[in-house]
Amino acid sequence: KEKAENVLIKYYTNMNWTIIRPGGLKSEPATGKAILTEDTRAIGTIHREDVAALAIKALNSSNTERKVLTAIDPSIDSAVSDGKQVEAFAV
């Protein structure tokens, strides 16, 4: 996965792309509270429906072009999150 991302970033400089890295995936209904962040060290959980909604928003936003973003839901308690506040990326 990381190798493919690096190829995309290095060689596809004339194209618009967005990489969304979701946290741990859950199969429950969306909360609507999920965020995208540029903090690549952000750790958390997110529902699959929320990932889909964020991906659609990202596709329709020029702010996300050539960005690597993490998708998490800060409203979900996660065994791996450290309770750190994560700044949301403006889509």
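Everything that follows concerns the structure shown earlier in this document.
Residues numbered from 1 in each chain as written. Predicted model: local features only at pLDDT ≥ 70, side-chain atom pairs only at ≥ 80, totals over all residues. Heavy atoms only, no water.

Draft legend 1. Spatial organisation of the side chain of Thr70. Tracing the chain through its elements places Thr70 in strand β5 (residues 67–72). A polar side-chain atom of Thr70 sits 3.3 Å from the main-chain carbonyl oxygen of Asp39. With residues up to four places along the chain from it excluded, the contact list for Thr70 reads Arg21, Ile35, Leu36, Thr37, Asp39, Thr40 and Ala42. (Helix = DSSP H or I, 4+ residues; strand = E, 2+ residues; numbered from the N terminus. Polar contact = N/O pair within 3.5 Å; in protein donor to acceptor, adjacent residues only side chain to side chain. Contact = heavy atoms within 4.5 Å.)

Draft legend 2. Layout of the environment of Lys33. With respect to the helices and strands, the residue Lys33 is situated in the loop between β2 (24–26) and β3 (35–37). With relative accessibility at 54%, the residue Lys33 sits in the exposed group. When residues no more than four places from it in sequence are discounted, the contact partners of Lys33 are Asp73, Pro74 and Ser75. (Buried < 20%, exposed > 50% of the residue type's maximum accessible area, 1.4 Å probe, protein only.)

Draft legend 3. Spatial organisation of unusual backbone geometry. With a phi angle near 60°, Arg66 is a residue other than glycine that sits in the positive phi range. Along the polypeptide, Arg66 turns up in the loop between α2 (48–59) and β5. Since its relative accessible area comes to 37%, Arg66 is described here as partly exposed.

Draft legend 4. Molecular detail of the sheet that holds strand β1 (residues 18–22). In spatial order, the strands read β1-β5-β3; together these three strands make up an open sheet with mixed pairing. Looking at the sheet topology across the chains shown, the edges are occupied by β1 and β3. On average, adjacent strands in this sheet sit at an angle of 35° to one another, irrespective of strand direction. The pairing of β3 with β5 spans three bridges and is antiparallel. Directly across from Leu36, in β5, lies its bridge partner Ala71. Contacting β1, β3 and β5, α2 crosses the sheet at an angle of about 165° to β1. (Pairing = 2+ DSSP bridges. Axes fitted to C-alpha atoms, helices over the stretch in contact; angles between N-to-C directions.)

Draft legend 5. Region of the structure containing a nonpolar patch on the surface. Side chains of Val7, Tyr11, Tyr12 and Met15 sit close together on the surface and give an oily, nonpolar patch of about 400 Å² of accessible area. Counting through the fold element by element, Val7 comes out in helix α1 (residues 2–11). (Patch = residues over 30% accessible without salt bridge, like charges linked within 9 Å, V, L, I, M, F, W, Y side chains within 5 Å. Areas by Shrake-Rupley, 256 points an atom, 1.4 Å probe, with all protein chains shown as cover. Salt bridge = Lys/Arg side-chain N within 4 Å of Asp/Glu carboxyl O.)

Draft legend 6. How the structure looks around the pattern of salt bridges. This model, assessed by the stated rule, comprises four salt bridges. Ionic pairing is found between Arg21 and Glu5, a salt bridge with its closest N-O pair at 2.5 Å. A residue pair is termed long-range when its members are at least 10 positions apart, and Arg21 in strand β1 and Glu5 in helix α1 qualify at 16 residues. Assessed through its relative accessible area of 29%, Arg21 is described here as partly exposed. Residues Asp39 and Arg41 are paired through a salt bridge, measuring 4.0 Å at the closest nitrogen-oxygen approach.

By themselves, these are just geometric observations and shouldn't be taken as functional.
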